[in-house]
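# Chain and residue survey
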Amino acid sequence: MCGIVGYIGFRPAAPVLFEGLKQLEYRGYDSYGIATHSNEIFIHKKKGKVSEFSPDETTLPGTCGIGHTRWATHGIPSDLNAHPHTDCNEQIAVVHNGIIENYAHLKRELRAKGHTFRSETDTEVIPHLLEDLNEGDLLKAIQKMVNYLEGSYAVLAISNDCNRLIAVKNRSPLVLGIGDGEFFAASDITPLLEYTNRVLYLEDGDIAEISVDGYEIYQGSTQVSRRVHEIQWAPETVQKGGFPHFMLKEIYEQPEVINRAIHSLTPDSIPRFLYDAKSMTVVACGSSYHAGLIFRYLAESACGIPVRVEFGSEFKYNSVPLTDVIIGISQSGETADTLSAIHKGNCSNVQTVAITNVLNSSITRYADNTILMQAGPEISVAATKSFTAQLGVLLQMISLLSGQVSDEFLSHAGVSIDKVFLLNLDDAVSLCAKAEHIFFVGRGPFYPVMMEGALKMKEISYIHAESYAAGEIKHGPFSLLSPETPVIATCLPGPAYAVMLGNLKEMKARGTPIIAIGSEEDTELSELADVLIPLEEKHIFLEIVAVTVILQLLAYHTAALLGREIDKPRNLAKSVTVE
Ligand code: G6P
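In this numbering scheme, every chain counts its residues from 1 along its sequence in written order. Where local features are concerned, this predicted model is filtered to residues with pLDDT of at least 70; where side-chain atom pairs are given and counted, the filter is 80 or more; whole-chain, interface and lining totals use all residues. The side-chain values count all of the structure's non-hydrogen atoms but skip hydrogen atoms and water molecules.

In this section: the overall build of the protein chain. Along the protein chain, the regular secondary structure elements total 18 helices and 25 strands. Radius of gyration here uses only the C-alpha atoms, and the compact-globule reference equals 2.2 Å multiplied by the residue count raised to the power 0.38. In terms of overall size, the protein chain behaves like a compact globule, its C-alpha atoms giving a radius of gyration of 25 Å where 579 residues would be expected to give roughly 25 Å. Going through the 579 residues of the protein chain one by one, you find that 61% of them count as buried. Residues count as neighbours in contact if any of their non-hydrogen atoms are within 4.5 Å of one another. Long-range contacts, defined as pairs at least 24 residues apart, comprise 71% of the intrachain contacts of the protein chain with a sequence gap of at least 6. Labels follow the DSSP assignment, with helices taken as runs of H or I lasting at least four residues and strands as runs of E lasting at least two, numbered in each case from the N terminus. Only protein chains enter the accessibility calculation, which uses a 1.4 Å probe. A residue is then buried if its area is under 20% of the maximum for its type, exposed if over 50%, and partly exposed in between.

Next up, the structure:
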């Protein structure tokens, strides 16, 4: 996981690269660096966030260069481990996203040949290998080099002796931007949007040679052509637009996002084999996994078919009976664990569907069918609008498969989020901000909704938050309850209401402060709860969406009160492309 960007054209490369890296920081932000070419190679790299660079760092000369923002895998975040990495004589500079699995073996061989390594990274074998193979033509050296590398890589390389940029891709994303007299390469399209809307997605095994005059793409030494796409995302979508953080901006985009997501799935566009499925498996990670769990509760009850939900990371390594259909949910479409799970489905001839936000992402190539959730670019590391868009798609899928399309849901999903924006959450926020531990509890589909709420809270506020199915909390976690550990609970009218209320009374009897999301008219709940967050909706789908947004705002405002970083929480990355 890391972000890479490259430029060749008529503009000074360094500012383009720095600005591009800022757009990619969600992929990693512990160190950064750029290399430019102007008769020789110039390098600037250091530990820290690229968004904190000073403008005088952009004065490297040249109109061709490469850049990198890092999420450390091999070696600590440091100036030395930051990319770009070079060969012994600093004639070749390389940035890399992915993992070179056989790097230790290659490093031993290259050391034996006299190469001197400066970093602890797996990446550094690449420039040394190129140095070894280079006979004056960087493209040819790269065409030979790919035969030695095992693992995942998107690599950009420049060398001293030519004004060209070489890009090579295997199992890590890499897209080219086609401008007028200028070309870009990047891990995703966000750094390109300011300059061009014409993009080309490289395929695994592609090697692109790019100069100011144009580009050529090869598979091995055979030239191939790739389709150029016109992208609809506007450049403003990757700017904060007056909000203090991308996360808040993205939360406020959700009324529109959910409407778009719901309407992206129609009776005609839904893959036909879903109607015939007698069983389904959802594979996903992080927030996407929680969306899958919510789907399971509701789909099993509305469609009467068993739905299994598996972490991508577990699915590949366990031998589990296969179902008729595998649905992979991934905002980025690049999560390595989810991709492996889909790949396993493909190998077993199971029909696969990808639900993703990113056109042409890797998952769209692995799966038989793709449903695009159309949330627009999500920059904040913590997923918000992409999660809501996943809900929009999945809930609409249930409606269509069960034949119970709800007008209430179709027409009010956005409105129910708008109503959440009017709620006053101050008391709940101040209770949370004082806590070291918070429990999130719910029943039925609200249990995974609370799991997502707890994940949001811990990701961005760094408060320890755990979620429990409300009935389970008395089987152990009760020993942790105290006046210092608030419990946040969903307690809405419905079949489990009475038992839920009973559970909350048991918790209250242990002195635990209760923040309840429930009906405003529920006097019993309002007397019991320290804080009641009122919610009135007429459909369970709308309740689920509204509770999700309440918990996002609770996490956001708690983190803001505590002065946390919010958009780039420590140690995290948005797109996890390693298993
Ligand atoms: C990372 C992100 C999470 C995300 C998870 C799965 O851990 O920080 O926010 O939910 O990856 O990502 P995906 O792109 O597959 O939905």
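That shown, we press on.
Another aspect to go through is the pattern of salt bridges. It is possible for side chains bearing opposite charge to pair when their charged atoms get close. Whenever Lys or Arg places a side-chain nitrogen within 4 Å of a carboxyl oxygen from Asp or Glu, that contact is recorded as a salt bridge. In the structure shown here, the tally under the stated rule is 23 salt bridges. With its nearest N and O atoms 2.7 Å apart, the salt bridge here joins Glu182 to Arg11. One end of the pair, Glu182, is in the loop between strand 9 (175-178) and strand 10 (183-186); the other, Arg11, is in the loop between strand 1 (2-8) and helix 1 (13-24), and 171 residues separate them in sequence. The partly exposed category is assigned to Arg11, whose relative accessible area is 28%. With its nearest N and O atoms 2.7 Å apart, the salt bridge here joins Lys456 to Glu452. Of the two residues, Lys456 and Glu452 both sit in helix 15 (residues 446-461), 4 residues apart, roughly one turn of that helix.

Next up on the list: helix 18 (residues 540-561). Given a helix with a known number of residues, its expected span is that number minus one, times 1.5 Å. If you check helix 18, its first and last C-alpha atoms are 31 Å apart, about what 22 residues at 1.5 Å a residue would give, namely 32 Å. Burial analysis of helix 18 places 18 of its 22 residues in the buried class, the great majority of the element. Following helix 18 by one or two positions, Gly563 has its phi on the positive side, about 70°.

Between helix 6 (residues 254-263) and helix 12 (residues 385-402), the shortest axis-to-axis distance is 8 Å and the interhelical angle comes to 35°. The interaxial crossing formed by helix 6 with helix 12 has right-handed handedness. When helix 6 is examined against helix 12, the residues Gln254, Val257, Ile258, Ala261 and Ile262 are found in contact with a partner set consisting of Lys385, Thr388, Ala389, Gly392, Val393 and Gln396. Each residue gets one label: Ala, Val, Leu, Ile, Met, Phe, Trp, Tyr, Cys and Pro are nonpolar, Asp, Glu, Lys and Arg are charged, and the others, such as Gly, are polar. Taken together, the residues that form the contact of helix 6 with helix 12 break down as 6 nonpolar, 4 polar and 1 charged. Geometry is summarised by axes, namely lines fitted to C-alpha atoms with helices restricted to the contacting stretch, and by angles between N-to-C directions that run from 0 to 180 degrees. Helix crossings get a hand from a simple test, with the near helix turned counterclockwise from the far one by less than a right angle marking a left-handed crossing and a clockwise turn marking a right-handed one.

Moving on: the sheet that holds strand 14 (residues 222-224). Ordered in space as 5-6-7-8-12-13-14, the 7 strands form an open sheet in which the pairing is antiparallel. Taken across any chain shown, the strands that pair with only one partner, and hence form the sheet edges, are strand 5 (85-86) and strand 14. Strands are labelled as partners when DSSP assigns at least two bridges between them. When strand 8 (residues 165-170) meets strand 12 (residues 206-211), the two strands line up antiparallel, connected through 4 bridges. Looking across to strand 12, one finds that Val168 is bridged to Ile207. Where helix 3 (residues 125-133) meets the sheet, its contacts fall on strand 5, strand 6 (92-100) and strand 7 (151-159), and the angle it forms with strand 6 comes to roughly 125°.

Nearness here has a simple test: a residue counts as near a molecule or strand if at least one of its heavy atoms is within 4 Å of that partner. Near the ligand there are 14 residues, and of these Ser288, Ser330, Gln331, Ser332 and Thr335 occur at the shortest range. Think of a polar contact as two N or O atoms within 3.5 Å of one another; within protein, one of them needs to be a possible hydrogen donor and the other a possible acceptor, and neighboring residues in sequence only count if both atoms come from side chains. Between the ligand and Ser287 there is a distance of 2.9 Å, counted from an oxygen atom to a backbone nitrogen or oxygen. Contacts to the ligand include Gln331, whose backbone N or O atom sits 2.8 Å from an oxygen atom. For the area figures, the Shrake-Rupley method with a 1.4 Å probe applies, and any residue is considered shielded solely by the protein chains shown. Starting from 380 Å² of accessible surface for the ligand in isolation, the protein chains cover 88%. Per element, the largest residue contribution to the shell around the ligand is 3 residues, and it comes from helix 8 (residues 286-303).

The amide bond that connects His83 to the next residue, Pro84, takes the cis arrangement and shows omega of 0°. Locating Pro84 in the fold gives a position in the loop between strand 4 (64-70) and strand 5. Notably, Tyr462 is not glycine yet its phi reads approximately 65°, a positive angle. For Tyr462, a relative accessible area of 24% gives the class partly exposed.

Let's shift gears to the sheet that holds strand 10. Judged by pairing direction, the sheet is antiparallel, and its 8 strands sit side by side in the order 3-2-4-1-10-9-11-15 without closing on themselves. The sheet is open, and its two edges are formed by strand 3 (40-47) and strand 15 (229-230), each paired on a single side. Relative to strand 15, strand 11 (residues 198-201) is paired through 2 bridges, and the arrangement is antiparallel. Across the sheet, the residue bridging to Arg198 is Glu230, located in strand 15.

Take the nonpolar core next. Residues belong to a common nonpolar core when they are buried Ala, Val, Leu, Ile, Met, Phe, Trp, Tyr or Cys residues joined through side-chain atoms within 4.5 Å. By size, the foremost hydrophobic cluster in this structure holds 88 residues, and its most contacted members are Leu274, Met280, Phe295, Ile327 and Met397. For this core, the element with the most residues is helix 18, which contributes 14 residues. Not counting the four nearest positions on each side in its chain, Leu274 is found in contact with Met280, Val325, Ile327, Val353, Met397 and Leu401. Val16, Ile34, Phe184 and Val199 belong to the second-largest nonpolar core, a separate cluster that totals 29 residues.

Here the limits of each domain have been adopted from an automatic or database domain assignment. In terms of domains, the protein chain is made up of domain 1 (3-236), domain 2 (240-405) and domain 3 (423-579). At the junction of the two partners, domain 2 supplies 39 residues and domain 3 supplies 33 residues. By definition, the buried area sums, over both parts, the 1.4 Å-probe accessible area that each loses when the two are put together. Each partner contributes to the roughly 2,900 Å² buried at the junction of domain 2 and domain 3, and carbon and sulfur atoms together form 67% of this total. The interface formed by domain 2 and domain 3 holds 1 salt bridge in total. With a shortest N-O distance of 2.7 Å, Glu378 and Lys574 are connected by a salt bridge. Linking domain 2 with domain 3 are 15 residue pairs in polar contact (both at pLDDT 80 or more), by the criterion used here. Elements with a minimum of two residues in the side of domain 2 that touches domain 3: helix 5 (246-252), helix 6, helix 8, helix 10 (336-347) and helix 12. If you tally residues by element for the side of domain 2 that touches domain 3, the top one is helix 8, at 7 residues. A breakdown of the residues in the side of domain 2 that touches domain 3 according to their chemical character gives 21 nonpolar, 13 polar and 5 charged.

What follows concerns the environment of Phe42. Looking at the secondary structure, you find Phe42 in strand 3. According to the relative accessible area criterion, Phe42 is partly exposed, its value standing at 26%. When the C-alpha positions of Phe42 and His412 are compared, they lie 56 Å apart, and in sequence the two are 370 residues distant. Look past the residues within four positions of Phe42 in its chain and what remains in contact with it is Ile34, Ala35, Thr36, Leu60 and Pro61.

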